Amino acid sequence: MKAVILVGGEGTRLRPISLMMPKPVVPILNVPLMFYILEWLKKHGVDEAIMVACYLPEKLKKVLKNSYKGMKITYIYEDTPLGTGGAIKRAQQYMKGTTVVINGDIITDFNITRMFKFHKEKKSRATVGLYPVGNYSAFGVVDKNADGSIKRFLEKPSREEIGTAKANINAGVYLLEPEVLNIMDKGLRYSVERDVFPKLVGTGFFGFDQEDIYWLDLGTPERLRKFSTDILEKNYPLILTKKEKYSKEKGAKVLKSSLVGKGTKLGKNSLVGMLNVIGNNCEIGENTVLENCILFDNVKVGKGCVLKNSIICSASEIMDNVQISKTTVLGPGSIIAQYSKAGD
Ligand code: GTP
């Protein structure tokens, strides 16, 4: 089965992290985020992933290349963003049979195999994966009839409108039959959720919900950190990172819940405390303490720093005696002067 993966978004909510890299290649425990998605798809029999790309496509291809563990990766490019609807239409030539379509920024273990069975049993033209959540008012909510067919879509509804503690949100996982593409316009910018799905209601359009699964939309730095922490705390079943060789000077310590990348140097008496991910080829100075931080590759941190709850993008330099105790995201190539302070 083929999967069409929408990866054309600029990831504005993820800035500054997404300023110089598209979301799918953002490192999670030093591995591109897309690899976690491809592992999941592979488990459900996907043998070709079609990336519909627009934002920084050359960086995407450079990292993901043309295959992943035997799964073929094909790229389609848009000159200007076509929205989720126009982007799916662009992949039409690859969608000859039932095709999985996903948003390229969701991490989940949604059971596509079971969804596929349901899709076939119902002779569905399009099936939307649904995930029941309590905090639904920030999402697109989908109402179903008793037979699983879709009744209506509600964008960011209030609690009064829904009236229940939990509601099914659109999980960003779809199964589409090729015929659905025929009602979609070519070359225009539109949203599949807002402009196409409402038109399909009542025409063999179903929702398939799954509870007790992992589901996270990696749209913001906070959720990126949550995913990273979930892997470190073993609340997400897949670890793709292998133990790498790094160097430690006398007295340097790394707590078990942290990960240090290849070629990184830890200075004398430095402490990589709880829940950190340190990238490859970083340098951590003498007596520096890190807690709950994510450092991408090639980050240099000086001596005597205390950094907590920070995400520091690649090639940044933090000079000596800097203290950051507040949630902070530093963009690529940041330079922070010595004795700078943020937080308490
Ligand atoms: P924000 O700018 O922070 O909202 O992020 P985003 O650009 O990723 O948008 P959003 O989270 O709504 O997108 C959901 C998924 O659809 C992401 O995987 C995007 O890459 C993808 N996507 C959104 N718009 C487009 C588009 O115009 N073309 C393509 N190919 N994919 C898109």
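Keep in mind it's a predicted model, so treat the numbers as computed, not measured.

Participant: What's the story with the packing of aromatic side chains in this structure? I'm lost.
Facilitator: The geometry of an aromatic ring pair is captured by two quantities: the separation of the ring centres and the angle between the planes. For the structure shown, the criterion picks out 15 aromatic pairs. Taking the centre distance of 6.3 Å and the plane angle of 70° together, the rings of Phe 110 and Phe 208 count as edge-to-face. Of this pair, Phe 110 sits in the loop between strand S8 (106-108) and helix H4 (112-121) while Phe 208 sits in strand S13 (residues 205-209), and the two are 98 residues apart along the sequence. Since its relative accessible area comes to 0%, Phe 110 is described here as buried. The interplanar angle of 65° and the centroid separation of 4.9 Å between the aromatic rings of Tyr 214 and Tyr 236 together place this pair among those described as edge-to-face.

Participant: Help me out: how do you make sense of the sheet that holds strand S25 (residues 306-308) in this one?
Facilitator: Whether parallel or antiparallel, the strands of a sheet pair through hydrogen bonds between backbone atoms. Across the sheet, which stays open at both edges, the 6 strands sit in the order S16-S19-S22-S25-S28-S31 with parallel pairing between neighbours. The sheet terminates laterally at strand S16 (253-254) and strand S31 (341-342), the two strands that pair on one side only.

Participant: Hey, could you run me through the site of the ligand in this one?
Facilitator: Neighbouring the ligand are 19 residues; Leu 6, Thr 12, Arg 13, Glu 78 and Gly 83 lie closest to it. Between the ligand and Leu 6 there is a distance of 2.8 Å, counted from an oxygen atom to a backbone nitrogen or oxygen. Within the backbone of Glu 10, one N or O atom sits 3.1 Å away from an oxygen atom of the ligand. Within the complex, the protein chains bury 81% of what would otherwise be the 610 Å² of accessible surface of the ligand. Broken down by element, the shell around the ligand gets its largest block of residues, 3 residues, from helix H3 (residues 83-90). Among the residues making up the shell around the ligand, the classes are represented as 6 nonpolar, 8 polar and 5 charged.

Participant: Is there a simple way to explain the side chain of Glu 39 in this structure?
Facilitator: Residue placement: Glu 39 occurs in helix H1 (residues 33-43). Using a relative accessible area of 16% as the deciding quantity, one classes Glu 39 as buried. Of note is the side chain of Glu 39, whose polar atom sits 2.4 Å from the side chain of Lys 69. When sequence neighbours within four positions are dropped, the list of residues in contact with Glu 39 reads Tyr 68, Lys 69, Leu 238 and Leu 240.

Participant: Can you help me understand the environment of Leu 6 in this one?
Facilitator: Within the secondary structure, Leu 6 sits in strand S1 (residues 2-7). Distance in space between the C-alpha atoms of Leu 6 and Gly 104 is 5.1 Å, their sequence separation being 98 residues. In this view, Leu 6 contacts Val 52, Thr 84, Ala 87, Ile 88, Ile 102, Asn 103 and Gly 104; residues no more than four positions away in its chain are not counted.

Participant: Is there a simple way to think about the environment of Leu 130 in this case?
Facilitator: Mapped onto the elements of the fold, Leu 130 is located in strand S9 (residues 126-133). Accessibility expressed as a relative area gives 0% for Leu 130, which makes it buried. Once the C-alpha coordinates of Leu 130 and Phe 296 are considered, the two residues, 166 residues apart in sequence, prove to be 33 Å apart.

Calculation notes
- Here the residue index of a chain counts from 1 through its sequence in written order.
- Residues qualify for local features only when their pLDDT is at least 70, as the model is predicted, and side-chain atom pairs are given and counted only at 80 or more; totals for whole chains, interfaces and linings, by contrast, use all residues.
- As a rule here, side-chain values come from all non-hydrogen atoms in the structure, and water together with hydrogens is ignored.
- In this scheme Phe, Tyr and Trp rings, the latter by its six-membered ring, pair at centre separations within 6.5 Å, and the angle between planes marks the pair as stacked below 30 degrees, edge-to-face above 60, and tilted otherwise.
- Numbering of helices and strands starts at the N terminus; helices are DSSP runs of H or I of at least 4 residues and strands are runs of E of at least 2.
- Summary of the burial criterion: residues with accessible area below 20% of their type's maximum are buried, those above 50% are exposed, and those between are partly exposed, where the area comes from a 1.4 Å probe applied to protein chains only.
- Only strands that DSSP links by at least two bridges are regarded as paired with each other.
- Being near a molecule or strand, for a residue, means having at least one of its heavy atoms within 4 Å of it.
- Polar contact is the term for a pair of N or O atoms within 3.5 Å; when the atoms are in protein, one must be able to donate a hydrogen and the other to accept it, and sequence-neighboring residues count only if both atoms are side-chain atoms.
- Note on areas: Shrake-Rupley with a 1.4 Å probe; residue coverage comes only from the protein chains shown.
- Classification used: nonpolar for Ala, Val, Leu, Ile, Met, Phe, Trp, Tyr, Cys and Pro, charged for Asp, Glu, Lys and Arg, polar for all others including Gly.
- Residue contacts are counted whenever heavy atoms from the two residues lie within 4.5 Å of one another.

That's the geometry; what it means functionally is another story.
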